[in-house]
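# Survey of secondary and tertiary structure
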Amino acid sequence: MDSQPDTAHYPPPEETDGFPVAAKSLLSERRLHTLKQGDMFGVFDQTGDILFGDGIADGLYFHDTRYLSCLSMTLQGVRPILLSSTVRENNVLLSVDLTNTDIDGPDGRMDHDLLHVRRSRFLWNHVCYERVEIRNFDVEPRTALLDIRFLADFADLFEARGSIRPRRGTQRPPEVADNQVTLSYDGLDDRRRTTVLRFWPPPASLDARQAAYCFDLAPGKRVLVHFEVACDPDGTPALQPNRRFLTGAVEARRALRLSSSRAAAIATSNEIFNEAIRRCICDIYMLLTDKKTGPYPYAGVPWFSTAFGRDALITAMLTLWLDPEIARGVLNYLARHQARTEDPTADAEPGKILHEVRHGEMAELGEVPFRHYYGSIDSTPLFVMLAGQYLDRTGDVALLTSIWPNIERAIDWIERYGDRDDDGFVEYGRRNKDGLINQGWKDSYDSIFHADGTLAEGPIALCEVQAYVYAARRAAAAIGRRLGKTAYAERQDHLAESLRVAFNARFWIEDLGTFALALDGHKQPCCVRSSNAGHILLTDIATPDRVPRLVAGLMNRSSFTGWGIRTIPEGEARYNPMAYHNGSVWPHDNALIGLGLARHGYRDEAARLFRGMFDAAFYTDLRRLPELFCGFTRNRAEGPVRYPVACSPQAWAAATLPALVQSTLGLSFDPATVAVHFEHPRLPDFLDEMTLYNLEVGGDRVTVRLVRVGDEVAINVVERSETIRVQIST
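The structure contained in this document is the topic of the report that follows. (Residues numbered from 1 in each chain as written. Predicted model: local features only at pLDDT ≥ 70, side-chain atom pairs only at ≥ 80, totals over all residues. Heavy atoms only, no water.)

### Concerning the packing of aromatic side chains
Applied cut-off: For this analysis, a ring pair means two rings from Phe, Tyr or Trp (six-membered ring only for Trp) whose centres lie within 6.5 Å, classed as stacked if their planes differ by under 30 degrees, edge-to-face if by over 60, and tilted for the remaining angles. Burial classes: relative accessible area under 20% of the type maximum marks a residue as buried, over 50% as exposed, and values in between as partly exposed (1.4 Å probe, protein chains only). Put simply, a charge is over a ring when the Lys NZ or the Arg CZ is close to the ring centre, within 6 Å, and near the line of the ring normal, within 35 degrees.
All chains considered together, the criterion is met by 30 aromatic pairs. Between Trp508 and Phe515 the ring centres are 4.9 Å apart and the planes differ by 75 degrees, which places this aromatic pair in the edge-to-face class. The burial state of Trp508 is the same as that of Phe515; both residues are buried. Taken together, Phe425, Phe503, Phe507, Trp508 and Phe515 form an aromatic cluster joined through their ring pairs. It is Arg393 that lies over the ring of Phe669; its NZ or CZ is 3.7 Å from the centre. Here the guanidinium or amino end of Arg634 rests over the ring plane of Trp563, the centre of that ring lying 4.1 Å away.

Here's what the structure looks like:
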């Protein structure tokens, strides 16, 4: 990500990355609901309100700007009592049930629970739609006083999460009509941002901050209020909000259903797991944003709802078996946004793949360096890795032909810019003082260190990045051969083998039984055990004799908590189970390690990770795995300890359970022979049966049922196209 929320452990400002999430905006202290569609997302409290205050995440955001900073509803002049609230399983609709507090009744009684309020809300095409239904359950008539208050501060997302700005633009005078309020802001970037609120029926009174209604309700009668919040709308719509609510809800559900229908479906004998996997799929498709280049998974809500390179590449890898169209969209988008020139401000160099895109005022003005930012060391080799995996999965030579120049430029970047000192390894070091200090996936300021806890000085060569580069060269060679570029392919294979030899010589730490976390700028190894080394298993860069010791270390109790593998195991100098990258557990980290374990035949170990992640989902709200959780050892009958500012939903976290399904089943595809292959499949002990619907390869589909029989798995073909085959290796 672009900054580290672990502010409780932050050093003095000159040592930080400069754009942390304020510690007081703890997402775990309040149960928040999130909705996301396209480039808009919303963060709401349990009652559906948007609370306003310093460091509070709540708001309606569009293109990295908070277009609505306060939304509060009162009934009879006070906030109603919460009955229940939930986001529907498909992630489209937030539904909230409320009732009145004590109100004066006959004979001086104080009555409550007589007026029922239901709020229904969804996002569609940069508009937030809401319907409020009030029903009188009293035996006598009641007067309902409904007030809706609102405010738009147009704060940049980085402001909302804690950054202080010395100057801001100009808030324009509100414009109030019969049923409409327009709030506008002229930014320092010469852009006008506009929020339009429309109400139906027209309120009894309306001003720049509040819409007020008064309804006389007979016993059993109800009334509906519709309002919408549009961000930068084009003109006034022909239909009133009540009509647009109905049509928009249908369109939003239809769009999500259509996109998610591409994916293979999963059903099992465990209903709780079914809930968790459905939540995963719905989260993945909610976070997808349709670009001209295809679907692109935004990283997560609230702080990372934008295009990230690394996050999207890893999400696409984890879901490649499920829906290759995601990988296609990611490859197309990142190819189009590949760096063409050197720009130290953006850490950009020709051929480098994007880290992050931001559209807010602060990015436009250069107050943060993330407008088009390239400060990640791993996005470029991961791009080539994904291209190779996509070809293996789909056989889509046409796409690979179209992005071949981008693949060549990415490999050229590795050789010309990635290896800063010509030692054969790829290192990073920021070229902009405001850029990220650490540019691997663990980008906290203190995430790369030596055995005594001393922070490593750059340029830094991470262990997993060398594995990614090795895999990228092998992928470039395989793609090159398919495209008839034999000489290029042979050179890439030769360079990959040279890297493999050098890597095993320089990174292996015999005393630890693992690979060094990194080499520092003096080429001294960071002799620290880490989950980074687990990513090496995604490739064949490690010599076979070292893989068993590496696996044993990862699954040791100092590393494996019972929920998952820690980023840094207990016993290391900077181990802290509450730290962002130095002892916490990240689901996507475990998913990648699980795929690596399966690649090397450690199916039972992958099943242990699967079990831990499923159990963690069991204890989490909505069965949704968060970005990360604390790395405390698992205790009986207790869930994992939450991390205070973890994003949820998060794309690569949502992709974790689907990826672990693939790893334990040994699932792969061969488009050349139109075959689905299961290699030594296993089902974890919490699943007796699993059915995979509509596995697609080469345009053909098959549905299979897997049944656990002791330690073995029996596979039955339920339905298939005429030409597709299912192959099993046991």
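### Things to note about the packing of helix α5 (residues 324-336) against helix α7 (residues 379-394)
Convention followed: Note on geometry: axes are lines fitted to C-alpha atoms, helical ones only across the stretch in contact, with angles between N-to-C directions running from 0 to 180 degrees. Only DSSP runs of H or I reaching four residues or more are called helices, and only runs of E reaching two or more are called strands; each is numbered from the N terminus. Should the near helix be turned anticlockwise from the far one by less than a right angle, the crossing is left-handed, and should it be turned clockwise, the crossing is right-handed. By definition, residues are in contact when any of their heavy atoms lie within 4.5 Å. Throughout, the ten residues Ala, Val, Leu, Ile, Met, Phe, Trp, Tyr, Cys and Pro are labelled nonpolar, Asp, Glu, Lys and Arg are labelled charged, and all others, Gly among them, are labelled polar.
Packing of α5 against α7 leaves a shortest axis separation of 10 Å and a crossing angle of 145 degrees. Handedness of the α5/α7 crossing: left-handed. Two secondary-structure elements touch here, α5 through Pro324, Ala327, Arg328, Val330, Leu331, Leu334 and Ala335 and α7 through Phe383, Leu386, Ala387, Tyr390, Arg393 and Thr394. In terms of residue class, the contact of α5 with α7 is made up of 10 nonpolar, one polar and two charged.

### Remarks on the packing of helix α8 (residues 397-418) against helix α9 (residues 463-482)
Threshold: An angle below 35 degrees is read as roughly parallel, one above 145 as roughly antiparallel, one from 65 to 115 as roughly perpendicular, and any other as oblique.
Two numbers describe how α8 lies on α9: the axes approach to 10 Å, and their chain directions differ by 140 degrees. As summarised for this structure, α8 and α9 are arranged oblique, according to the angle between their axes. In the crossing of α8 with α9, the sense of the turn from one axis to the other is left-handed. Residue-level inspection shows Val397, Leu400, Trp404, Ile407, Ile411, Ile414 and Glu415 of α8 in contact with α9, the latter providing Val469, Ala472, Arg473, Ala476, Ile479, Gly480 and Arg482.

### Some remarks on the sheet that holds strand β4 (residues 65-68)
Using the following cut-off: Only strands that DSSP links by at least two bridges are regarded as paired with each other.
The strand order across the open sheet built from four strands is β1-β2-β3-β4, with neighbouring strands paired in antiparallel fashion. Each edge of the sheet is formed by a strand with only one pairing partner; in this case those strands are β1 (33-37) and β4. In this sheet, neighbouring strand axes are inclined to one another by 25 degrees on average, regardless of whether the strands run parallel or antiparallel. Here β1 pairs with strand β2 (residues 40-44) via five bridges, running antiparallel.

### A word on the state of the cysteines
Stated formally: We call a pair of cysteine sulfur atoms a disulfide when they lie within 2.5 Å.
Tallied over the entire structure, the rule returns zero disulfides. Free of any disulfide, Cys280 has its nearest cysteine sulfur in Cys282, 9.5 Å distant. With a relative accessible area of 4%, Cys280 lands in the buried category. In this structure Cys282 comes out as buried when scored by relative accessible area, which is 17%.

### Examining the environment of Thr673
For clarity, the threshold we go by: In protein, a polar contact requires one atom able to donate a hydrogen and another able to accept it; more generally it is a pair of N or O atoms within 3.5 Å, and residues adjacent in sequence count only if both atoms are side-chain atoms.
Locating Thr673 in the fold gives a position in the loop between β29 (667-670) and β30 (675-679). For Thr673, a relative accessible area of 35% corresponds to the partly exposed category. Considered as a pair, Thr673 and Ile724 are 51 residues apart in the sequence and their alpha carbons are 8.1 Å apart. Among the polar contacts made by the side chain of Thr673, one reaches the side chain of Asp670 at a distance of 3.0 Å.

### Topic: the pairing of strand β19 (residues 222-231)
Counting buried positions over the 10 residues of β19 gives eight, a clear majority of the element. Of the pairings in the sheet, the one linking strand β11 (residues 127-136) to β19 comprises nine bridges and is antiparallel in character. When the bridges of β19 are listed, Val127 appears paired with Ala230. Where strand β16 (residues 192-200) lies against β19, six bridges are found, and the strand directions are antiparallel. The partner of Phe199 across the bridge, within β19, is Phe227.

### Digging into the sheet that holds strand β33 (residues 712-720)
Taken in spatial order, the four strands make up an open sheet running β20-β31-β32-β33, and their pairing is antiparallel. Pairing within the sheet leaves two strands with one partner each, and these edge strands are β20 (265-268) and β33. Ignoring which end each strand starts from, the neighbouring axes of this sheet average 20 degrees apart. Bridge analysis of strand β31 (residues 689-697) against strand β32 (residues 700-709) gives seven bridges, and the strand direction is antiparallel. Paired with Glu696 across the bridge in β32 is Arg701.

### What about the pattern of salt bridges?
Put simply, the test is: Basic side-chain nitrogens of Lys or Arg form a salt bridge, by our definition, when they fall within 4 Å of a carboxyl oxygen of Asp or Glu.
Per the counting criterion, the structure on display carries 52 salt bridges. Among the ionic pairs, Asp97 bridges to Arg118, the shortest N-O distance being 2.9 Å. You can see Asp97 sitting in strand β7 (residues 94-99) and its partner Arg118 sitting in strand β10 (residues 115-124), a full 21 residues away along the chain. Its relative accessible area of 34% is what places Arg118 among the partly exposed residues. Here Arg192 and Asp186 are joined by a salt bridge, their closest N and O atoms 2.8 Å apart. Judged by relative accessible area, which is 23%, Asp186 ranks as partly exposed. If you follow the salt bridges from partner to partner, you end up with Asp45, Asp49, Arg79, Arg119, Arg121 and Glu130 in one network.

### Topic: the layout of surface pockets
Inclusion rule: Using only the protein atoms, space was sampled on a 1 Å grid; points where a 1.4 Å probe fits but cannot get out form cavities, open sets with protein on both sides within 12 Å along at least five of seven lines form pockets, and lining residues are those with an atom within 4 Å of a point. Grid points are joined across faces, edges and corners, and a volume is the space filled by probe spheres set on the points.
Looking at the largest pocket, its volume works out to about 1,000 Å³. Gln389, Asp392, Leu538, Arg599 and Gln662 are, among the 33 residues lining the largest pocket, the residues nearest its centre. Elements that contribute at least two residues to the lining of the largest pocket include exactly α7, α9, α12 (587-599), α15 (656-665), β29 and β30. Of the residues in the lining of the largest pocket, the class split is 15 nonpolar, 10 polar and eight charged.

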